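Residue strings, one per chain:
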Amino acid sequence: MKVLGIETSCDETAAAVIEDGTIILSDQVASQVEIHARYGGIVPEVASRQHILAIIPVIEQAMTGADVTWSDLDGIAVTFGPGLAGSLLVGVNAAKSISLAQGIPLVGVNHLEGHIYANWLVEDSPDDTELFPLLCLIVSGGHSDLVLMKGHGDYVLLGRTRDDAAGEAFDKAARILDLGYPGGPAIQRAAESGTASIRLPRAWLKGTNDFSFSGIKTALLRLVEAGKVSNRADAAASFQEAVVDALVTKTVAAAGEYGVKNILLAGGVAANGLLRQRLVEDSPLPVLIPPLKLCTDNAAMIAACGYFRFRAGKKDGPNLDVVPGLKLA
Ligand code: KG4
Ligand code: ZN
C-alpha cells in the first residue's frame, strides 16, 4: 500500500511517498528556516505564503522521486493539526483537492502522532507483539508530552509541560546566549566544546508526570544579565544537561510506574545527541529512537501514521478541516 504524506503544520513544506507504513520511497522537505532565521522565530503569515509557493513543487518532487503516478497511490495522509492555522490550511487543501480530483482515499493525521510513527521508518520496524503498552516522550517546539500508547491509535496523556515546551526552551536559551536560530541544534553545537559546570535548577513537580522548563531558562537569563556567564559553551552545555536530566529522569520514572514494555522518543528535540544517549543509558527498557533525519518535521512520518490509520479503517472526506489546537489524548 502506497501512501502520499503531506505536512505543512509549521515552517517545513513536506511531501513523501511511503510503502506499507515502513518503507521510504521518497521524502522531500522544503525548509523555511533561513527565511525565519532573520526574525529569530517563525512568522505565521510568512510561513503560509511560503507553503503556497512550495507545496505543488514539493509534491511533484516526492511523486517523481518515488517514481509513482496518481494511479499508483492507495491513500493520501495530511497533517490537520496541531499547528499554525494558515500553514495547516495549505496542506489540507492540497490533499483534499488531489483526493477529490483523483479519487484517492484521504486521512487526516495528528502531527504529534506522526512524530511517533517516525520510529516505524527503519529497516527493522517495530513488531506489534511485545511492543505495547509503550511510553512515548514527544518533545518538539510546541509540545513536551508523556503519552501512554496502548496500541495503534490508542493514547492516554500522562503528563505535559506546564510552561515552555522543551524545544521552545532550547530556542529561548539560544536567543539568551546569542547562539542563533533554531536554538536546539545551536545549543547542541556550542555544548560540544563546553562542560556542564553551571548548576541550573530543575523543577521536578513531584507526584506528577508534568514538566516545567521556564525556570531553567529564567535562571540562565539571570546569570547572563548579572554578567556571570563568561563561557557560552559551558552555559549551553549546562542548559542542555538540565533539560535532558529532567526529561530522562521523569520518563524513566513514569515507565516504571505504568509498567510499560518499551519507551519511544519522538519530535524535533529527539534529534538531540545527549537526550538520545542518556535515555538509552538510563532506561532499563528497550528504547525506540527515530532516525536523526526523521526527528524534525517531515511528511514521511505523516504517511507512515496515515498507513496505520487507513489499516484501522479510518478515512476522512472533503469536510476535513484544520484543528490548530488538536490534542493527541
Ligand atoms: O518537531 P519539530 O521539528 O517541530 C515542531 O513540531 O515543533 O521540532 C522543532 C524543535 C525546535 O524547537 C528545535 O530547536 C528543536 O526541535 N530541535 C532540537 C534539536 N534539533 C531540533 N533541540 C535540541 N537538540 C537538537 N539537536
Ligand atoms: Zn513537529
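Thresholds applied
- Residues numbered from 1 in each chain as written.
- Chains lettered and ligands numbered in written order.
- Predicted model: local features only at pLDDT ≥ 70, side-chain atom pairs only at ≥ 80, totals over all residues.
- Heavy atoms only, no water.
- Helix = DSSP H or I, 4+ residues; strand = E, 2+ residues; numbered from the N terminus.
- Buried < 20%, exposed > 50% of the residue type's maximum accessible area, 1.4 Å probe, protein only.
- Contact = heavy atoms within 4.5 Å.
- Polar contact = N/O pair within 3.5 Å; in protein donor to acceptor, adjacent residues only side chain to side chain.
- Near = heavy atom within 4 Å.
- Areas by Shrake-Rupley, 256 points an atom, 1.4 Å probe, with all protein chains shown as cover.
- Nonpolar A, V, L, I, M, F, W, Y, C, P; charged D, E, K, R; others polar.
- Patch = residues over 30% accessible without salt bridge, like charges linked within 9 Å, V, L, I, M, F, W, Y side chains within 5 Å.
- Salt bridge = Lys/Arg side-chain N within 4 Å of Asp/Glu carboxyl O.
- Lys, Arg positive; Asp, Glu negative; His and termini not counted.
- Charge placed at Lys NZ, Arg CZ, Asp CG, Glu CD.
- Expected span 1.5 Å × (residues − 1).
- Pairing = 2+ DSSP bridges.
- Axes fitted to C-alpha atoms, helices over the stretch in contact; angles between N-to-C directions.

(A) Local environment of the environment of Asp-128. Within the secondary structure, Asp-128 sits in the loop between α4 (111-117) and β6 (134-139). A relative accessible area of 33% places Asp-128 in the partly exposed class. Expressed as a C-alpha distance, the spacing of Asp-128 and Asp-282, which sit 154 residues apart in the sequence, is 24 Å. Filtering out sequence-adjacent residues up to four positions away, Asp-128 remains in contact with His-152 and Arg-311. Only 2.9 Å separates the side chain of Asp-128 from the side chain of His-152, close enough to count as a polar contact.

(B) Highlighting the site of ligand 1. The immediate surroundings of ligand 1 are formed by 19 residues, with His-115, Gly-141, Asp-171, Gly-184 and Gln-188 found nearest. Take His-111: an N or O atom from its side chain is 3.1 Å from an oxygen atom of ligand 1. Compared with its free state, where it exposes 550 Å², ligand 1 has 89% of that area covered by protein. Mapped by element, the contributors of at least two residues to the shell around ligand 1 are α4, α5 (166-176) and α6 (183-191). Looking at the shell around ligand 1 residue by residue, the class counts come to four nonpolar, twelve polar and three charged.

(C) Structural detail: a negative patch on the surface. On the surface, Asp-20, Asp-67, Asp-72 and Asp-74 cluster together into a patch of negative charge. Tracing the sequence through the fold places Asp-74 in the loop between α2 (44-66) and β4 (75-81). Residue Asp-74 is classed as partly exposed on the basis of its relative accessible area of 37%.

(D) Helix α10 (residues 300-311), seen in detail. With twelve residues, α10 extends 17 Å from end C-alpha to end C-alpha; this agrees with the ideal 16 Å at 1.5 Å per step. Across the twelve residues of α10, ten count as buried, placing the element largely inside the fold. For α10, the set of buried residues is Ala-300, Met-301, Ile-302, Ala-303, Ala-304, Cys-305, Gly-306, Tyr-307, Phe-308 and Phe-310. Considering only its buried residues, α10 is in contact with β1 (2-7), β2 (12-19), β3 (23-31), β4, β5 (106-110) and α4. Where α10 terminates, the next one or two residues include Gly-313, which has phi positive at roughly 85°.

(E) How the structure looks around the sheet that holds strand β10 (residues 287-288). The strand order across the open sheet built from five strands is β8-β7-β6-β9-β10, with neighbouring strands paired in mixed fashion. Looking at the sheet topology across the chains shown, the edges are occupied by β8 (154-160) and β10. Note: β6 against strand β9 (residues 262-266), five bridges, orientation parallel. The partner of Leu-137 across the bridge, within β9, is Leu-265. In the packing of helix α8 (residues 232-258) onto the sheet, contacts are made with β6, β7 (144-151), β8 and β9, and the angle to β6 comes to roughly 155°. Against the sheet, helix α9 (residues 273-282) contacts β6, β9 and β10, and its axis sits at roughly 175° relative to β9.

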